[in-house]
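An overview of the molecular structure
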Amino acid sequence: MRRLLKGIGMASIAGLLAACGGASESGGGTGGAAPVPAALQGVYDQAKNEPTLVWYSSQDPALNDAVVAAFEEQYPDVEIEAMRLATGPLGTRYAQERQAGAVTAGVVTLADPNFVDQGLAAGWFERFDKSALPDLARLPDRFFADGVATTGVNVLGIGYNTNEVPNPPRTWEDALAPEYKGRILLGDPRNVPSYVALARILDEDVAPDFLPRLAAQEPTVVDSMVPGTQQLAAGEAALAFPDVLSVIAPLKDKGAPIDFVVPEPTTGNEFTTMISAGGASPNAAKLLLDFLFTDAGQQAFNGSTGSSPIGAIGQTAALPAGYVDPQIRQLPAVKQDLLSQLGLT
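In this text, all values refer to a predicted model and were calculated from it rather than measured experimentally.

1. Remarks on the overall build of the protein
- Within the protein one finds 12 helices and 10 strands.
- The globule rule puts the C-alpha radius of gyration for 345 residues at 20 Å, and the 21 Å found for the protein is close to it.
- The principal-axis extents of the C-alpha atoms in the protein amount to approximately 65 × 45 × 35 Å.
- The burial tally for the protein puts 54% of its 345 residues in the buried class.
- Only carbon and sulfur atoms are counted for the fraction: they give 50% of the accessible area of the protein, which is about 14,000 Å².
- Within the protein, the 39 negative side-chain charges are centred at a point lying 3 Å from the centre of the 22 positive side-chain charges.

2. So, the packing of helix H3 (residues 61-74) against helix H10 (residues 282-291)
- Between H3 and H10, the shortest axis-to-axis distance is 11 Å and the interhelical angle comes to 115°. On the basis of their axis angle, the class for H3 and H10 is roughly perpendicular. Crossing angle aside, the handedness with which H3 passes H10 is right-handed. Packed against H3, whose contacting residues are Val67, Ala70, Phe71 and Gln74, the element H10 presents Ala284, Leu287, Leu288 and Phe291 at the interface.
- Here the contact of H3 with H10 is built from residues that sort into 7 nonpolar, 1 polar and no charged.

3. As for the nonpolar core
- Ranked by internal contacts, the top residues of the largest apolar core, which has 44 residues, are Phe210, Leu214, Leu239 and Phe241.
- Ranked by residues supplied to this core, first place goes to helix H6 (residues 193-206) with 6 residues.
- Setting aside anything within four residues of it in sequence, one finds Leu214 in contact with Leu176, Ile184, Leu186, Pro219, Phe241 and Leu342.
- Core analysis: the next-biggest nonpolar cluster, separate from the first, contains 35 residues, Leu40, Ala66, Ile275 and Ala285 among them.

4. Some details on the side chain of Asn283
- Secondary-structure assignment places Asn283 in helix H10.
- In this structure the side chain of Asn283 is engaged in a polar contact, spanning 2.7 Å, whose partner is the side chain of Glu50.
- If sequence neighbours within four positions are ignored, Asn283 has contacts with Val43, Gln46, Ala47 and Glu50.

5. Here's the deal with the packing of helix H8 (residues 225-233) against helix H9 (residues 245-253)
- The interhelical angle for the contact between H8 and H9, taken along N-to-C directions, is 40°, at an axis separation of 10 Å. Between H8 and H9, the crossing angle belongs to the class labelled oblique. The crossing of H8 and H9 is right-handed. Taking contact as the criterion, the partners of Met225, Val226, Thr229 and Gln230 in H8 are, on H9, Val247, Ile248 and Leu251.
- Each residue belonging to the contact of H8 with H9 can be placed in one class, and the counts come to 5 nonpolar, 2 polar and no charged.

6. Topic: the confidence of the model for the protein
- Scored by pLDDT, the protein comes out at a mean of 91, with 91% of its residues at no less than 70.
- Note that residues 1-31 has pLDDT below 50 and, in this model, 66 contacts with residues that lie over four places away or in other chains.

7. With respect to the pattern of salt bridges
- All chains considered together, the criterion is met by 14 salt bridges.
- Note that Arg138 is salt-bridged to Asp295, the shortest N-O span being 3.0 Å. Pair noted here: Arg138 is in the loop between helix H5 (113-122) and strand E4 (144-145) and Asp295 is in helix H11 (residues 295-302), with a separation of 157 residues, a long-range link.
- According to the relative accessible area criterion, Asp295 is buried, its value standing at 5%.
- Put simply, Arg213 and Glu173 hold a salt bridge, and the shortest N to O gap is 2.9 Å. Of this pair, Arg213 sits in helix H7 (residues 210-216) while Glu173 sits in the loop between strand E5 (148-161) and strand E6 (184-187), and the two are 40 residues apart along the sequence.

Analysis parameters
Residues numbered from 1 in each chain as written. Predicted model: local features only at pLDDT ≥ 70, side-chain atom pairs only at ≥ 80, totals over all residues. Heavy atoms only, no water. Helix = DSSP H or I, 4+ residues; strand = E, 2+ residues; numbered from the N terminus. Rg over C-alpha atoms; globule rule 2.2 N^0.38 Å. Buried < 20%, exposed > 50% of the residue type's maximum accessible area, 1.4 Å probe, protein only. Areas by Shrake-Rupley, 256 points an atom, 1.4 Å probe, with all protein chains shown as cover. Lys, Arg positive; Asp, Glu negative; His and termini not counted. Charge placed at Lys NZ, Arg CZ, Asp CG, Glu CD. Axes fitted to C-alpha atoms, helices over the stretch in contact; angles between N-to-C directions. Parallel < 35°, antiparallel > 145°, perpendicular 65-115°, else oblique. Left-handed = near helix turned anticlockwise from the far one by under 90°. Contact = heavy atoms within 4.5 Å. Nonpolar A, V, L, I, M, F, W, Y, C, P; charged D, E, K, R; others polar. Core = buried A, V, L, I, M, F, W, Y, C linked by side-chain atoms within 4.5 Å. Polar contact = N/O pair within 3.5 Å; in protein donor to acceptor, adjacent residues only side chain to side chain. pLDDT = per-residue confidence, 0-100. Salt bridge = Lys/Arg side-chain N within 4 Å of Asp/Glu carboxyl O.

Spelled out as structure tokens, the structure:
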């Protein structure tokens, strides 16, 4: 794989940066690339002499490409390549490489806190304070620990077919109305930890009998919400959840009769980014991690469908006031009970 998006025109990059709205202390204006932060000038000078930085990321490949293009506009003398795999395969590949003594990826982004814990315990990732990098320092404490930074959030909500649902649900309990019985597509929580996290929130924070009542709605359980949302668009159901805007929006943009609402409280899929210990391009890795938390980096990474943990930036989707930490590490203790209440084993 060679350098990505090298051929993107300057107008495209300028448009991306302009969409970012305001500027962080290191820049983010609308007149092209921001100046290199003074605190990072020495890092940039060293990064120019390092090998191409490889970035493993499970984010949407188009958004990865946008990050690479914007980063290379900001730091034109540093090369970066992005390789995209889904979170599970990406984590497996990275772990196998580290266990074999190889450090291919200098930066890793995925949505799996259990993998992150494994990597930290094994010494695969750098530990440092967020104050070490000027834009990373903007990240709220809730979204940073031990060098692991939450880079974006795909918030969970309800997809609905606009032909079938003239008045969309506004609360989770609205989805339990009699007219939706047998007309719900339910993402299988046995496959996605954040779905279990949402089930816990519905059980603990919405209603103690919510999950049995949902089971009584006789939902159709789907392995993945990607084909599930396609079924929704085809009119095979009225509602589909837990869904995310990043899956809904591309189909809606093509004319599918679907839309999306986010009842509160809710949670989401949280992408985290780490720097590999022992990588061949440590300074370039620092530049990329910091860049991800500039306004331009957050806009590029999250697009118009993801939420920034820093706050509303440019066209990113707002993080709901009722957003709840998914607490993935705590789920094993309650998972089986939650599945049982849903009638799943």
